[in-house]
Amino acid sequence: MPLLEVRDLHVEFRTREGVAKAVNGVNYTVDEGETLAVLGESGSGKSVTAQAIMGILDVPPGKIAGGEILFKGRDLLKLKEEERRKVRGAEMAMIFQDALSSLNPVLSVGEQIGELFVVHKGMSRKDGKAKAVELMDRVRIPAAKERVGQYPHQFSGGMRQRIMIAMALALEPNLIIADEPTTALDVTVQAQVMDLLAELQRELNMGLILITHDLGVVADVADKIAVMYAGRIVEQAPVHEIYKAPAHPYTKGLLESIPRLDQKGQELFAIKGLPPNLMNIPPGCAFNPRCPMAQDVCRTDVPPLAEVSPTRRSACHFWKETLDASTR
Amino acid sequence: MGRYVIRRLLQMIPVFIGATLLIFLMVNVMGDPIAGLCGDRACDPATEAQLKSEFGLDKPVWQQYLTYMGNVFTGDFGTAFNGQKVTELMSTAFPVTIRLTIVAILFEIVVGISLGVITGLRRGRPIDTTVLLLTLVVISIPTFVTGLVLQLLLGVEWGWINPAVSTEAPFSELIVPGLVLASVSLAYVTRLTRTSIAENRRADYVRTAIAKGLPRRRVITRHLLRNSLIPVVTFIGADVGALMGGAIVTERIFNIHGVGYQLYQGILRQNTQTVVGFVTILVLVFLAVNLIVDLLYAVLDPRIRYA
């Protein structure tokens, strides 16, 4: 049994302008100790899926329209809010993108970390603070004892993200969801934070969902990749296979748009067009208006998630052709 | 912090001198301080000249001001026309107004903030619309109308309260006047809290708090409210000063012998000493309250540090 299994998840946002279908039938699994990277442009539904798993979706306007989220075998969507709350922070935790805005500006970092022990373990505030010092040491924040009483704005960007990590790790959860954890950081700090996260994940044997659009980060730490487009998974595969040969034109486009040193001076490749409007997703394959390989069938039929290999899926009518073209 | 306080205290000096000089000039130069002494009739010229030299009013204005200020700093605010010391008037008037202000501020804090939190969390729902409409009504109606209507209904028609407050003015008699005095500010506090809560509700740190599995109550009180109350506290703090001096209408309606009442009587009878004395004290109250609010701001929001 996998640690987490998302089955046919549908999420909608009901707004005055209409219904935006943010997630349209997502399936993925994460095992203990495994890292799943979820890749996609803004608006592809990768963060919304994560929020649905955590149970922090804004309801309304958000609404889970269907599917199951099995965590350690039980469907989280069937739990009462109070039971769900006890899972959050304790058994699964989330690291957000912008640590400065995600930490409370008027509470000291020690209080914010310690609070988890106070609420979930019934510890006193003083003991909670002592735990906070331990955790800050663990994420290698220098002089943790002196800095525990400081406020978020007194830390640098990298240190703040370490505090977010400390907070997520506090109760040693089984699953961590990291929503673009390094996007707001300098490149050198990015690597440090990512290494730290990967190291702690190994130590605690946690499952990790890494949401990102940074393909460089993915290659180093992920075991498998799910590429999302318009609320659907378009390709899912072990990380090395995808880098060797993508089986979906969208994945291919993403990989080709990474700047490379040996192509210095040449124009950078970019996928044409814009992501689709979620209130009006094109019929057939959602990617067809931007796809260089699109045929008539792509404009009428939604491609099923076809099995490329036992560990690999692609939602493209022409996955074979794409795969062949990229292997060549 | 210490240096900041000292700098602020120093800044108060020119403000204090400016404000008191202005009121002193308005009363002594633009008005005629002697005119009030003779009642409704005009003064006999000989008496007037004699009085003027007796009170030092024939001296240049700046000299009069300096003399007055010198006396103020030794605790002598002069004597009213009826022979009563102004300080004596103050010692009876200020405790009454302070009690009235406390009642009003409590209404603002308890009712205003509660309504603001409730509506801010339920934006667009019926309760929100209702309260919003009510605040608009309260803001649009002048205080004297609210005061007179409540006095008439609660005091005269239904007999729930005394229409007039007794001279001692205990807290129990000040509840309705306090509500009247607070009404407009209360409406503003409600709206301010509502906007602030609604704005911060979608903030990233609130999402983090929810993701940490904190109970809803704790998310609201510890995370949402602490951040949302910063602008509200500033408003309420500044309002303390305004309520102390601005209770003239309310104190008149309910016959409360506080600062507003004395000021009103003083202006009506051209009682120079009373008016200047009370205003001087009110200027000091304003300055002190503003300093406290600014310091409180730094306590509530650690990002603000005064150097």
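Everything quoted here is computed from the prediction, not taken from an experiment.

Scanning the model with the defined rule gives 29 salt bridges over all chains in all. One salt bridge connects E12 of chain A with R14 of chain A, and the closest N-O pair in it is separated by 2.9 Å. Relative accessible area serves as the criterion here: at 14%, E12 of chain A is assigned to the buried category. Among the residues examined, R14 of chain A registers a relative accessible area of 46% and is labelled partly exposed. Across the pair D294 of chain B and R8 of chain B runs a salt bridge, and its minimum N-O distance is 2.3 Å. With D294 of chain B in helix α12 (residues 272-300) and R8 of chain B in helix α1 (residues 2-30), the pair connects residues that are 286 residues apart, well separated along the chain.

Now for the interface of chain A and chain B. Counting residues at the interface gives 28 residues for chain A and 22 residues for chain B. Interface of chain A and chain B: buried area, both sides summed, is about 2,200 Å²; carbon and sulfur atoms make up 56% of it. Seen at the junction of chain A and chain B, the total is 16 residue pairs in polar contact (both at pLDDT 80 or more). Listing elements by their share of the side of chain A that touches chain B, those giving two or more residues are α1 (46-54), α3 (99-102), α4 (109-121) and α7 (157-169) of chain A. Ranked by the residues each element gives to the side of chain A that touches chain B, the list is headed by α4 of chain A, at seven residues. Across the side of chain A that touches chain B, the residue classes tally to 14 nonpolar, eight polar and six charged.

Whenever strands of a sheet pair, they do so through backbone hydrogen bonds, lying parallel or antiparallel. Residues and elements named next belong to chain A. Pairing within the open sheet is mixed, and its eight strands lie in the order β6-β7-β8-β3-β9-β10-β12-β11. Two strands close off the open sheet at either side, each with one partner strand: β6 (92-95) and β11 (306-309). This sheet shows a mean twist of 20° between the axes of neighbouring strands, independent of strand direction. Where β6 and strand β7 (residues 175-179) come together, four bridges link them in parallel fashion. Considered in β7, the bridge of A93 is made with I176. Against the sheet, helix α11 (residues 249-256) touches β3 (35-39), β9 (224-229) and β10 (232-238), its axis set at about 105° to β9.

Moving on, we come to the nonpolar core. Nonpolar side chains in soluble globular proteins tend to end up buried together. By size, the foremost hydrophobic cluster in this structure holds 81 residues, and its most contacted members are L4, Y28, I53, I165, L175, I177 and I209 of chain A. Ranked by residue count, the leading element in this core is α7 of chain A, at eight residues. When near neighbours in sequence (up to four residues on either side) are disregarded, I209 of chain A contacts L4, Y28, V30, L36, V38, I53, L175, I176, I177 and A178 of chain A. The next biggest cluster of nonpolar side chains, apart from the first, holds 37 residues, and it includes V103, V180, V206 and F254 of chain B.

All names here are of chain A. Strand order across the open sheet formed by four strands is β2-β1-β4-β5, with antiparallel pairing between neighbours. Each edge of the open sheet carries a strand with a single partner, namely β2 (18-30) and β5 (74-75). Here strand β1 (residues 4-15) pairs with β2 via 10 bridges, running antiparallel. Counted as the bridge partner of E5 is T29 from β2.

It is worth spelling out the environment of D44 of chain B at this point. For D44 of chain B, the position within the fold is in the loop between α1 and α2 (45-55). A sequence separation of 73 residues divides D44 of chain B from V117 of chain B, and the C-alpha atoms of the two residues are 64 Å apart.

Turning next to the packing of aromatic side chains. With the rule as written, the count across this model stands at eight aromatic pairs over all chains. With 5.7 Å between their ring centres and 10° between their planes, F94 of chain B and F278 of chain B make a pair best called stacked. You can see F94 of chain B sitting in helix α4 (residues 86-121) and its partner F278 of chain B sitting in helix α12, a full 184 residues away along the chain. Between the aromatic rings of Y188 of chain B and F235 of chain B, the centroid separation amounts to 6.3 Å while the plane-to-plane angle is 55°, which identifies the pairing as tilted. With Y188 of chain B in helix α7 (residues 175-201) and F235 of chain B in helix α9 (residues 216-245), this residue pair connects regions lying 47 residues apart in the sequence. Taken together through their ring pairs, the aromatic side chains of Y229, Y250 and F287 of chain A make up a single cluster. Directly above the aromatic system of F155 of chain A lies the positively charged group of R147 of chain A, at a separation of 4.1 Å from the ring centroid.

On to the packing of α4 of chain B against α9 of chain B. Residues and elements named next belong to chain B. Direction vectors running N to C along α4 and α9 enclose 145°, while the axes themselves pass 10 Å from each other. Helix-helix and strand crossings are classified by hand; for α4 and α9 the assignment is right-handed. Across the interface between the two elements, F94, T97, I98, T101, A104, I105, E108, I109, I113, V117 and L121 from α4 touch R216, I220, L224, L225, L229, V232, I236, D239, V240, L243 and M244 from α9. Residues of the contact of α4 with α9, tallied by class, amount to 17 nonpolar, two polar and three charged.

What follows is about the pairing of strand β8 (residues 207-212) of chain A. The side chains of a regular strand alternate between both faces of the sheet. Residue and element names in this part refer to chain A. With six of six residues buried, β8 lies mostly within the body of the structure. Here β8 shows no split at all, with G207, I209 and I211 on one side and L208, L210 and T212 on the other all buried. Both β3 and β8 contribute to a ladder of five bridges, which runs parallel. Considered in β8, the bridge of L39 is made with T212. Sheet topology note: the β7/β8 ladder contains five bridges and is parallel. Its bridge partner lying in β8, I177 is registered against I209.

A complete count under the given rule lists zero disulfides over all chains for this structure. Here C291 of chain A is not disulfide-linked; the sulfur of C316 of chain A is the nearest cysteine sulfur, at 6.1 Å.

Residue placement: Y205 of chain B occurs in helix α8 (residues 204-211). The spatial distance from the C-alpha of Y205 of chain B to the C-alpha of V219 of chain B is 9.7 Å, given a sequence separation of 14 residues. Contact partners of Y205 of chain B, with chain neighbours within four places excluded, come to S101, S102, L103, N104 and P105 of chain A together with N200, H223 and N227 of chain B.

Looking now at the side chain of D128 of chain B. Residue and element names in this part refer to chain B. Among the secondary structure elements, D128 is positioned in helix α5 (residues 126-140). For D128, a relative accessible area of 3% corresponds to the buried category. Reaching out from D128, the side chain makes a polar contact with the side chain of R194 at a distance of 2.7 Å. Ignoring any residue separated from it by four or fewer positions in sequence, one finds D128 in contact with T119, R122, R123 and R194.

Rules and cut-offs
- Residues numbered from 1 in each chain as written.
- Chains lettered and ligands numbered in written order.
- Predicted model: local features only at pLDDT ≥ 70, side-chain atom pairs only at ≥ 80, totals over all residues.
- Heavy atoms only, no water.
- Salt bridge = Lys/Arg side-chain N within 4 Å of Asp/Glu carboxyl O.
- Buried < 20%, exposed > 50% of the residue type's maximum accessible area, 1.4 Å probe, protein only.
- Helix = DSSP H or I, 4+ residues; strand = E, 2+ residues; numbered from the N terminus.
- Contact = heavy atoms within 4.5 Å.
- Buried area = accessible area lost by both parts, 1.4 Å probe.
- Polar contact = N/O pair within 3.5 Å; in protein donor to acceptor, adjacent residues only side chain to side chain.
- Nonpolar A, V, L, I, M, F, W, Y, C, P; charged D, E, K, R; others polar.
- Pairing = 2+ DSSP bridges.
- Axes fitted to C-alpha atoms, helices over the stretch in contact; angles between N-to-C directions.
- Core = buried A, V, L, I, M, F, W, Y, C linked by side-chain atoms within 4.5 Å.
- Phe/Tyr/Trp six-rings, centres within 6.5 Å; stacked < 30°, edge-to-face > 60°.
- Lys NZ or Arg CZ within 6 Å of the ring centre and 35° of its normal.
- Left-handed = near helix turned anticlockwise from the far one by under 90°.
- Disulfide = S-S within 2.5 Å.

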